[in-house]
Amino acid sequence: MTQAPTPTADSVRRLVRSLLKEGGDGTAGPDVRPVTEDREHTWWIGGRHVLRLAPDREASVRRRRELRLRDLVRPHLPVAVPTSVAHGDWAPGLAYTLDTRVAGGTADEYDVSAVGEADLAGLLGGLRAVPARQAEALGVPRAAPRSLEALRRMAVHAAERLAAADEFDAARLHQLTPPGAAQLAAQPGTAVLTHHALTGAHVLVSADGRVRGVLDWTAAALGDPAEDIAGLAVAVGSPAAVRAATLAGYGARPCLRGLWLARCDTVIHLTDHLEGRTGGSLPLLRTQLRRAWEPILLERVTDFPEDEPGP
């Protein structure tokens, strides 16, 4: 397999000059810089654009699919979705998209207000309204729901190691029992279009707490709506995520399932980092753990009627 080239400021600047027709008069063209030091395939282009370069052919397939998917979801959502002003290949077989920059900071920088929670409710409701057949026709894959019981068992072992490191009270996971995990299994026929990567970095929030946009739709899948509720619990905190999901029409079962997916995930991810299996930011992982474990009144519910409203 041919090694993909490594993007540089010069190669990015040359590509952008040809796309934006800037710098043709001998000037340097727009300022270009990596979004972060460890993301050499995503670049800020001036103050108005972002260039995303696929590092391999698999990522290229997702990038090209994302272009069509964003057009499909945009009319259904109350928040902004990036628009591509140019796309093509930056190297043989490797896709790029030059997108408009969506205003706002990340959910890791700004708290979501009550009105922002309504924005998130509109996001969840809008995703549910996207016709599954149309998404599937674009190549959006189906994702089987995860086993909450299997995840719980992994999290219990991880929590014990976190407790030994004085990072977490392992007894908190006793709230989720095997019967409780079974009760919160994904229900048949509830699959919807999910973003599937609603991290704090992908949810854009303004200084007044409104949700302005959602980035990076490459992981989108037709699957368990609790995955997006879980993502929001990690991104904006469990109470805000559950309130938004409830406003979107989801009942107690998917809300609690999302809550516990997030809680188990964050325990496992922090353990993996502390034991050297994964990278990332330790302060951010600790913040995500804290957000997911923020208490909510709903977690006291232990029984669900069969005719419970919402998927």
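The structure displayed is predicted, hence computed values, not measured ones.

Draft legend 1. Just the sheet that holds strand β4 (residues 84-91), in detail. Spatially, the 5 strands line up as an open sheet ordered β1-β2-β3-β5-β4, and their pairing is antiparallel. The open sheet has two edge strands, β1 (32-34) and β4, and neither has a second partner. On average, each strand axis in the sheet is tilted by 25° relative to the strand beside it, whichever way the strands run. With 4 bridges joining them, strand β2 (residues 42-45) and strand β3 (residues 49-53) adopt antiparallel strand pairing. Within the sheet, the bridge partner assigned to I45 lies in β3 and is H49. This element, helix α1 (residues 9-20), spans β1, β2, β3, β4 and β5 (94-100) of the sheet and lies at about 120° to β3. Seen against the sheet, helix α2 (residues 57-73) touches β3, β4 and β5 and runs at an angle of roughly 35° to β5.

Draft legend 2. Highlighting the packing of helix α7 (residues 226-236) against helix α8 (residues 238-247). α8 packs onto α7 with a crossing angle of 140° between their chain directions and a minimal axis gap of 7 Å. In terms of their interaxial angle, α7 and α8 are classed as oblique. Viewed along their axes, α7 and α8 form a crossing whose handedness is right-handed. Residue-level inspection shows I229, L232, A233 and V236 of α7 in contact with α8, the latter providing S238, A240, A241 and A245. Each residue belonging to the contact of α7 with α8 can be placed in one class, and the counts come to 7 nonpolar, 1 polar and no charged.

About the criteria used
- Residues numbered from 1 in each chain as written.
- Predicted model: local features only at pLDDT ≥ 70, side-chain atom pairs only at ≥ 80, totals over all residues.
- Heavy atoms only, no water.
- Pairing = 2+ DSSP bridges.
- Helix = DSSP H or I, 4+ residues; strand = E, 2+ residues; numbered from the N terminus.
- Axes fitted to C-alpha atoms, helices over the stretch in contact; angles between N-to-C directions.
- Contact = heavy atoms within 4.5 Å.
- Parallel < 35°, antiparallel > 145°, perpendicular 65-115°, else oblique.
- Left-handed = near helix turned anticlockwise from the far one by under 90°.
- Nonpolar A, V, L, I, M, F, W, Y, C, P; charged D, E, K, R; others polar.

Read these as geometric descriptors, not functional statements.
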